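Structural description and commentary
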Amino acid sequence: MDKAIRDSQVSILWISGRSYHPGQVVSPHSHDFYQLQYILSGSEKLILNNKSSILHKNNIALIKQSAEHTYSFTESTAILDIKFKLSTAFEKFLNEIFSPIPFQITNEYAIENAKLLLSLAANYNLDKSDDNTLIELDTRLKLFLLQVLRNSRYATTVTNNKIGDSLIIKNSKVSPMIHYIKSHYAEHINLQTLSTFSHYSPQNIIKIFKEVTNLTPTHFIQQVRLQKAVELLEKDTLPINKVAVKVGFTPNYFTKIFFKHIGILPNEYRNLYQHKKFETITLSDEFDTNTQP
């Protein structure tokens, strides 16, 4: 499915981070909306329609509306809990994607997005008048669903978190090169550039980056450029080809690399994020949180 998830397809009711303790059991129940459980840590025993499944970290379970289910825990477990309604057309597609249970997320970008969702939800819970947080929360959730649906095996981590900040502090060899890349990402940078700057051999540079970042220098440069591209797409109205050049990519390659790592095209990402600024966005006021297990 190549189109962005439209509001008519997904209506978000509830987002929360839930913690469960060993021995806790949620009694059998059902509801008139979909529930997506994403295991952040620990494990869960889910019984859905009389079928038992064990979910571990980075597993997802999609619980259909009206489906009776119960779940229990033998260890401390944290779950991202999302409750929403679907259009009939989108329902069939989503059901096919998330079968069977559990569904394993391999997309690192989706994993980081899930963590960011929890942070945003917490911020919005503290200040419900913050429309900007609500805009980003709604948009990031739809992006998370897109990432999970595509579950690209090429995905890498590109988030609003500053790439390499903690690494800069911890490793004196790599930190000057990371700083250089972040300052010159729009320019032509290759191994020889970094070698000239750092006075390390190209082979040594590859080894240093792999040890500290688990990425090659080339992939790290791509990460930084993609992060900057995401920031521009969210905040700017520059044409896509100018965004590409501004972050150090050629236009054609930018479209390919963005889709490969982010999972959607640059213009799709911009539309998904920026069009929310012109809409009234609410998490349903009719959703009774007191009835939720």
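Bear in mind that the values here come from a model prediction, so they are computed numbers and not experimental data.

Here is what the cut-offs are and how they apply
- Residues numbered from 1 in each chain as written.
- Predicted model: local features only at pLDDT ≥ 70, side-chain atom pairs only at ≥ 80, totals over all residues.
- Heavy atoms only, no water.
- Helix = DSSP H or I, 4+ residues; strand = E, 2+ residues; numbered from the N terminus.
- Buried < 20%, exposed > 50% of the residue type's maximum accessible area, 1.4 Å probe, protein only.
- Salt bridge = Lys/Arg side-chain N within 4 Å of Asp/Glu carboxyl O.
- Core = buried A, V, L, I, M, F, W, Y, C linked by side-chain atoms within 4.5 Å.
- Contact = heavy atoms within 4.5 Å.
- pLDDT = per-residue confidence, 0-100.

The next point concerns the environment of F144. Here F144 lies in helix α3 (residues 131-150). Look at F144 and you get buried, because its relative accessible area is 0%. Taking the C-alpha atoms as reference points, F144 and A114, separated by 30 residues in sequence, lie 6.9 Å from one another.

What follows deals with the pattern of salt bridges. Across all of its chains, the model carries 1 salt bridge by this definition. With a shortest N-O distance of 3.4 Å, D81 and K83 are connected by a salt bridge. Given a relative accessible area of 2%, D81 falls into the buried group. Take K83: its relative accessible area is 0%, and that puts it in the buried class.

Take the nonpolar core next. Ranked by internal contacts, the top residues of the largest apolar core, which has 31 residues, are L194, F209, F258 and Y269. Looking at this core, the elements that each hand over two or more residues are α5 (175-184), α7 (202-213), α8 (217-235), α9 (240-246) and α10 (251-262). Considering every element that reaches this core, the biggest residue donor is α8, with 8 residues. In this structure L194 touches M177, Y180, I181, I189, H199, I205, F209 and P217, once residues within four positions along its chain are discounted. V10, L80, A114 and L137 belong to the second-largest nonpolar core, a separate cluster that totals 20 residues.

Averaged over all residues, the pLDDT of the protein is 76; the fraction at 70 or higher stands at 67%. Element-level mean pLDDT values for the protein span from 43 in helix α4 (residues 165-170) up to 95 in α9. In this model residues 1-6 is a low-confidence stretch, pLDDT under 50, and it forms 18 contacts with partners more than four residues away in sequence or in other chains. For the stretch residues 152-169, pLDDT sits under 50, and the model shows 51 contacts to residues farther than four places along the chain or on other chains.

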